[in-house]
Amino acid sequence: MKQVITVFAYTFKEGIRKKAFWVSTVIIMALILLLCFAPRIITAFETQEADKKSASAGEVQTEEGKDGICYFIDETGVFEKNLAAFQSVYPDLLFRISDVRDLEDLKEDVAENEKHSILYIEDQEGLPFFRVINTNFMKGINTERIVETGTAVWQSEFLTGQGLSRELVAAAQTPLGYVEEAAGTMSLTGYVLGLVMTFVMFFAVYYYGYGVAMSVASEKTSRVMETLIISAKPSRILIGKCLAMGAVGLLQLVGLLGFGLLCYGVLMPDGFQIHGIEISLSGFGVETILVLILYFILGYALYAVLNSVCGAAVSKVEDLNSAMMPVSIVVVIGFYLGYFTSVAGGGSNTLSKLALYLPISSPFAVPFKILTGDIATQELLLSMGILAASIVVIAALSARIYSASVMHYGNPLKWKDLRKMKTN
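Definitions and cut-offs
- Residues numbered from 1 in each chain as written.
- Predicted model: local features only at pLDDT ≥ 70, side-chain atom pairs only at ≥ 80, totals over all residues.
- Heavy atoms only, no water.
- Helix = DSSP H or I, 4+ residues; strand = E, 2+ residues; numbered from the N terminus.
- Buried < 20%, exposed > 50% of the residue type's maximum accessible area, 1.4 Å probe, protein only.
- Contact = heavy atoms within 4.5 Å.
- Areas by Shrake-Rupley, 256 points an atom, 1.4 Å probe, with all protein chains shown as cover.
- Salt bridge = Lys/Arg side-chain N within 4 Å of Asp/Glu carboxyl O.
- Patch = residues over 30% accessible without salt bridge, like charges linked within 9 Å, V, L, I, M, F, W, Y side chains within 5 Å.
- Pairing = 2+ DSSP bridges.
- Axes fitted to C-alpha atoms, helices over the stretch in contact; angles between N-to-C directions.
- Phe/Tyr/Trp six-rings, centres within 6.5 Å; stacked < 30°, edge-to-face > 60°.
- Lys NZ or Arg CZ within 6 Å of the ring centre and 35° of its normal.
- Core = buried A, V, L, I, M, F, W, Y, C linked by side-chain atoms within 4.5 Å.
- Expected span 1.5 Å × (residues − 1).
- Bend = angle between axes of the 7 residues up to and from the residue.
- Parallel < 35°, antiparallel > 145°, perpendicular 65-115°, else oblique.
- Left-handed = near helix turned anticlockwise from the far one by under 90°.
- Nonpolar A, V, L, I, M, F, W, Y, C, P; charged D, E, K, R; others polar.
- Arc of directions from axis to C-beta.
- Lys, Arg positive; Asp, Glu negative; His and termini not counted.
- Polar contact = N/O pair within 3.5 Å; in protein donor to acceptor, adjacent residues only side chain to side chain.

Participant: Account for the overall build of the chain, with residues named and values stated.
Facilitator: In terms of regular secondary structure, the chain is built from 15 helices and six strands. Counting all 424 residues of the chain, 40% fall into the buried class. Residue pairs at least 24 apart in sequence account for 74% of intrachain contacts in the chain once pairs closer than 6 positions are excluded. Looking at the chain as shown, the accessible area adds up to about 23,700 Å², and 63% of this sits on carbon and sulfur atoms.

Printed below as a string of structure tokens:
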């Protein structure tokens, strides 16, 4: 135990001292601060815009107090009589009847003024054809809403011309009521947090797993490993290094989670909404945080023991990336399997279950399902148990390979050489 503590203390101290640790922490904190401060900026701009509109009331913006003009050109003659229908869709616009001969001049006006638009209704073989002209694709009136309104007007005029009363036509065109409900517990906040945590888990597991391999390879290159081998068994070195880098990662992760919650509590405006949906962390409780931390520990442990073997298999740091390629491929496969079956909603139910229980993908799939409430307790416990058992088996095999290869110098060991060492 003393040997493990000695290696742990040395590796932990080295991990904390690295510039990469502090630079990454500061950058991520800055991003968290910006994300939490963004709603206040948005709210401030919306308030400022509302104040401007209020202050400019009565000024000559557009005649009749409208915010913009929609130049209305109707070759059919049908829609001019029902201009009020379009006006009801865009009450802030002045619908001004214009002539097709002025179309080019009107286009120049719309190009210069983003609040103006053109609705040009052509007569194509007895049927209306709608042409909407805005300043750009981000501004102006919505084509679908205009066509929907125009279709209703055209149907009404056609059916009335066939002898139906306007009352019957209006009754036939009455929109049917509907409501959209979700049987599950997923919310927008849970989805966004799940998405963020999926990527955070991937980068944390990959980055700190890589840190274990880099630590081993660096110490072999500098011959520090020869000193460590004298004072500690290889298996103890492996355990100490994995625990130390995991502690460094856990320290950073917990610190960032705490900082994020603090920024949310202080900076996020009360009742802030996106498209009418309130942003809330009500589902981000203590139990959820503890489970997420536990899955980070398990996911990190799985890939850390694999990466440590990669570090022990090389004699120079320059050879580390090529030695880590097989593990990196496994990490990426596990991440994308967890991502597409959870966040992106892809794959069959069988594939989703595979991602949930497969050790290489469960660290990335489970956090999203936890935050969206899409996982049962028995599923969580089974997934966690399989992951923990896999770590024990892989750690035992990795310890044997690590012990046999950690003092190897020369050409990088290949995986078939490592398998031979394991069996000897």
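Having seen the structure, we can now continue with the description.
Participant: Give me the pattern of salt bridges: which residues, what numbers.
Facilitator: Applying the stated criterion across every chain yields a total of seven salt bridges. The salt bridge partner of Arg17 is Glu14, with a shortest N-O separation of 3.8 Å. Of the two residues, Arg17 and Glu14 are both situated in helix 1 (residues 2–17); the distance of three residues between them amounts to about one turn of the helix. Among the salt bridges present, the one from Arg101 reaches Asp99, with a minimum N-O distance of 3.0 Å. Assessed through its relative accessible area of 29%, Asp99 is described here as partly exposed.

Participant: Please set out a nonpolar patch on the surface residue by residue, giving values where relevant.
Facilitator: Residues Val23, Ile27 and Leu31 make up a contiguous nonpolar surface patch of about 280 Å² in total accessible area. Residue position: Leu31 is located in helix 2 (residues 19–55).

Participant: Residue-level account of the sheet that holds strand 3 (residues 117–124), with values.
Facilitator: One open sheet accounts for four strands, arranged 2-1-3-4; its pairing is mixed. On the outer flanks of this sheet lie strand 2 (93–97) and strand 4 (127–133), each paired with one strand and no other. Across this sheet, the average inter-strand angle for adjacent strands is 20 degrees, counted without regard to direction. Relative to strand 4, strand 3 runs antiparallel, the two sharing seven bridges.

Participant: Please provide a residue-by-residue account of the packing of aromatic side chains, values included.
Facilitator: In this description, a pair of aromatic rings is defined by centroid distance and the angle of the planes. Enumeration over the complete set of coordinates arrives at 22 aromatic pairs. Ring centres 6.4 Å apart and planes at 65 degrees place the aromatic pair Phe72 and Phe95 in the edge-to-face group. Of the two residues, Phe72 is situated in strand 1 (residues 68–74) and Phe95 in strand 2; the sequence distance between them amounts to 23 residues. Its relative accessible area of 0% is what places Phe72 among the buried residues. Taking 5.3 Å as the distance between ring centres and 65 degrees as the angle between the ring planes, the aromatic pair formed by Phe202 and Phe203 counts as edge-to-face. Among the aromatic residues, ring-to-ring pairing joins Phe199, Phe202, Phe203, Tyr206, Tyr303, Phe335, Tyr336, Tyr339, Phe340 and Phe364 into one connected group. The ring centre of Tyr90 lies 5.0 Å from the NZ or CZ of Arg145, which sits over that ring.

Participant: Describe the environment of Ile375, and please don't skip the residues or the numbers.
Facilitator: On the secondary structure map, Ile375 appears in the loop between helix 13 (362–371) and helix 14 (377–405). Along the primary structure Ile375 and Leu356 are separated by 19 residues, whereas in three dimensions their C-alpha atoms are 9.3 Å apart. Look past the residues within four positions of Ile375 in its chain and what remains in contact with it is Leu356, Val366, Lys369, Ile370 and Leu380.

Participant: An account of the pairing of strand 3 is requested, with residue identities and associated values reported.
Facilitator: Along strand 3, six of the eight residues are buried, which leaves the element largely enclosed by surrounding structure. Inspection of the sheet shows strand 1 paired to strand 3 by five bridges, in the parallel sense. Counted as the bridge partner of Cys70 is Ser117 from strand 3.

Participant: Quick one: what's the story with the nonpolar core, residue by residue and with numbers?
Facilitator: Counting residues in hydrophobic clusters, the biggest one holds 56 residues, and the most contacted among them are Tyr300 and Phe364. Those elements that place two or more of their residues in this core are helix 1, helix 7 (188–221), helix 9 (234–267), helix 10 (286–312), helix 11 (320–343), helix 13 and helix 14. With 13 residues, the single largest contributor to this core is helix 10. Apart from the residues within four sequence positions on either side, Tyr300 is in contact with Val205, Tyr208, Gly209, Val212, Lys241, Cys242, Met245 and Gly246. If you look at the next biggest cluster of nonpolar residues, it comprises 17 residues, including Tyr90, Leu119, Ile121 and Phe130.

Participant: Describe in detail helix 11, supporting the description with residues and values.
Facilitator: The terminal C-alpha atoms of helix 11, which comprises 24 residues, lie 32 Å apart, in line with the 34 Å expected from a rise of 1.5 Å per residue. Of all the bends in helix 11, the largest measures some 45 degrees and sits at Pro326.

Participant: For the packing of helix 11 against helix 12 (residues 349–357), give the residues involved together with the corresponding values.
Facilitator: In contact at an axis separation of 9 Å, helix 11 and helix 12 are set at 130 degrees when each is read in the N-to-C sense. Taken as axis vectors, helix 11 and helix 12 run oblique relative to one another. The interaxial crossing formed by helix 11 with helix 12 has left-handed handedness. Of the residues in helix 12, those touching helix 11 at Leu337, Gly338 and Thr341 are Leu351, Ser352 and Ala355. Classifying every residue of the contact of helix 11 with helix 12 gives three nonpolar, three polar and no charged.

Participant: Explain helix 12 to me, and be specific about the residues and the numbers.
Facilitator: One turn of the α-helix equals 3.6 residues, which is why residues spaced by three or four share an orientation. Those residues of helix 12 that fall on the buried side of the exposure criterion are Ser352, Ala355 and Leu356. Buried residues in helix 12, looked at end-on, bunch into an arc of 100 degrees, giving them a common side.

Participant: Give me the lowdown on the side chain of Asp74, citing residues and values where you can.
Facilitator: Checked against the element boundaries, Asp74 lands in strand 1. Within the buried core, Asp74 has no salt-bridge partner, and the shortest N-O distance to an opposite charge, that of Lys81, equals 8.4 Å. Reaching out from Asp74, the side chain makes a polar contact with the backbone nitrogen of Phe79 at a distance of 2.8 Å. Separated by 3.0 Å, the side chain of Asp74 and the backbone nitrogen of Glu80 make a polar contact. Beyond its immediate stretch of four places on either side in the chain, Asp74 contacts Phe79, Glu80 and Ile121.

Treat this as a map of the structure, not an account of what it does.
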